[in-house]
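For reference, the chains in residue letters:
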Amino acid sequence: IHIGYYIALAGAYKHGALGLTYPIMRGFAPLLVALGSSAVLAEAPTPLAWAGILGITLGVALVGLAHPGETLHHRKALAVAFANALIIAVYTFVDGKGVRATVAAGQSAAAYVMLLFVLDGLPYPALVFFRRDAAGRRAIFEYARRRWPLAALGGAASIGSYAIALWAMTQAPVASVAALRETSVLFAALLGVWLLKEKFGLQRGLGTLVIVSGVMALRLARG
């Protein structure tokens, strides 16, 4: 499932801009998780939790989709992004159940996470490598030689963030954790303002307030 996610992620970025596809993939996945939680996990969100999940989903869309008028002109990118939102929801269910089973068996959440990343991290690079010709493979090694420190930093951040999310799924409902995880779109927007000098604007400001309200609702839902 994770390999399918990487393939769909690459397809989304190939056909559409990051600012269009990322909020759709990350913003709508928690809604799908919430809709399926009752059937898959026997966890039905409370009305207040639903308010929080919907608030975060709407807020993420407002923050990420800064130019909604352009959205419908990128239909292929939209199709791939929505497909990947479904893939994210599926792997969230699988990993949520997997990490809980691991902890129930007396092991730590870290054991599941590290095994996941080992099994996850081998097939996709192999797929990329064997799809290239000799010149393409040399280019891969040359690029990796120059960029490995940044790649290592990104890989460590990815493992760390997902490890925290999976551990949280052993402590709280999966749908709530999935929704809170996607507030990363807000931090991405703030970093864009700080590092890339992007404009924040009224829409992003409104989206920020909606996200914060959603987070507060989820916190209140947990008591």
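Now for a look at the structure at hand. (Residues numbered from 1 in each chain as written. Predicted model: local features only at pLDDT ≥ 70, side-chain atom pairs only at ≥ 80, totals over all residues. Heavy atoms only, no water.)

**Notes on the overall build of the chain**
Moving on, step 1. Helices and strands together make up the secondary structure of the chain, namely 10 helices and 0 strands.
Moving on, step 2. Reading the chain from its N end, one meets helices and strands in the order α-α-α-α-α-α-α-α-α-α.
Moving on, step 3. Relative to the compact-globule value of 17 Å for 223 residues, the chain shows a C-alpha radius of gyration of 18 Å, a close match.
Moving on, step 4. Here the chain holds 223 residues, and the buried ones make up 38% of them.
Moving on, step 5. Here the analysis covers contacts within the chain between residues at least 6 apart in sequence; of these, 79% occur between residues at least 24 apart.
Moving on, step 6. Carbon together with sulfur atoms contributes 72% to the accessible area of the chain, which is approximately 12,600 Å² in total.
Moving on, step 7. Charge-centre separation for the chain: the mean point of 19 positive side chains lies 2 Å from the mean point of 8 negative side chains. (Helix = DSSP H or I, 4+ residues; strand = E, 2+ residues; numbered from the N terminus. Rg over C-alpha atoms; globule rule 2.2 N^0.38 Å. Buried < 20%, exposed > 50% of the residue type's maximum accessible area, 1.4 Å probe, protein only. Contact = heavy atoms within 4.5 Å. Areas by Shrake-Rupley, 256 points an atom, 1.4 Å probe, with all protein chains shown as cover. Lys, Arg positive; Asp, Glu negative; His and termini not counted. Charge placed at Lys NZ, Arg CZ, Asp CG, Glu CD.)

**A few points about the nonpolar core**
Here is a general trend for soluble globular proteins: nonpolar side chains tend to be buried in one another's company.
Moving on, step 1. With 46 residues, the main nonpolar core has Val33, Tyr162 and Leu166 as its most contacted residues.
Moving on, step 2. A per-element tally of this core places helix H4 (residues 75-104) first, with 9 residues. (Core = buried A, V, L, I, M, F, W, Y, C linked by side-chain atoms within 4.5 Å.)

**What to know about the packing of helix H1 (residues 2-15) against helix H6 (residues 123-130)**
Moving on, step 1. Where H1 contacts H6, the axes come no closer than 9 Å and their chain directions differ by 50°. The angle between H1 and H6 falls in the class oblique. Considering only the axes of H1 and H6, their crossing is right-handed. Along the contact surface, H1 presents Ile3, Tyr6, Ile7 and Ala10, while H6 presents Pro123, Tyr124 and Leu127. (Axes fitted to C-alpha atoms, helices over the stretch in contact; angles between N-to-C directions. Parallel < 35°, antiparallel > 145°, perpendicular 65-115°, else oblique. Left-handed = near helix turned anticlockwise from the far one by under 90°.)

**Some words on the pattern of salt bridges**
Moving on, step 1. Here the structure, examined in full by the defined rule, presents 3 salt bridges.
Moving on, step 2. The closest approach of N and O atoms between Glu142 and Arg145, which form a salt bridge, is 2.8 Å. Note that Glu142 and Arg145 are positioned in helix H7 (residues 134-169) at a spacing of 3 residues, about one turn of the helix. (Salt bridge = Lys/Arg side-chain N within 4 Å of Asp/Glu carboxyl O.)

**Things to note about unusual backbone geometry**
Peptide bonds are trans in most cases, and residues, glycine excluded, mostly fall at negative phi.
Moving on, step 1. Even without being glycine, Ala42 reaches a positive phi, approximately 60°.
Moving on, step 2. Note on placement: Ala42 falls in the loop between helix H2 (18-41) and helix H3 (47-64).
Moving on, step 3. The class of Ala42 is exposed, set by a relative accessible area of 68%.

**Brief notes about the packing of helix H5 (residues 109-121) against H6**
Axes are the key here: two packed helices are described by the angle between their axes and the distance separating the axes.
Moving on, step 1. Closest axis-to-axis distance for the H5/H6 pair is 5 Å, and the angle between their directions is 10°. Considering their axes alone, H5 and H6 lie roughly parallel with respect to each other. Where H5 approaches H6, its residues Leu119, Asp120 and Gly121 are matched on the opposing element by Pro123, Tyr124 and Pro125.
Moving on, step 2. Split into classes, the residues belonging to the contact of H5 with H6 amount to 4 nonpolar, 1 polar and 1 charged. (Nonpolar A, V, L, I, M, F, W, Y, C, P; charged D, E, K, R; others polar.)

**Some details on the packing of aromatic side chains**
Moving on, step 1. Evaluation of the coordinates by the stated rule reveals 8 aromatic pairs.
Moving on, step 2. Ring pairing ties together the aromatic residues Tyr5, Tyr6, Tyr91, Phe117, Tyr124 and Tyr162, which thus form one cluster.
Moving on, step 3. Between the NZ or CZ atom of Arg137 and the centre of the ring of Phe129, over which it lies, the distance is 4.8 Å. (Phe/Tyr/Trp six-rings, centres within 6.5 Å; stacked < 30°, edge-to-face > 60°. Lys NZ or Arg CZ within 6 Å of the ring centre and 35° of its normal.)

**A word on helix H9 (residues 184-195)**
Moving on, step 1. Taking 1.5 Å of rise per residue, 12 residues should cover 16 Å, and H9 covers 16 Å from first to last C-alpha, within 8% of that figure.
Moving on, step 2. Those residues of H9 that sit buried are Val185, Leu186, Ala189 and Gly192. With its buried residues spanning 120° around the axis, H9 presents them on a single face. In H9, those exposed residues whose orientation departs by more than 90 degrees from the buried face are Phe187, Trp194 and Leu195.
Moving on, step 3. In the segment just after H9, Lys197 is the residue with positive phi, at about 60°. (Expected span 1.5 Å × (residues − 1). Arc of directions from axis to C-beta.)

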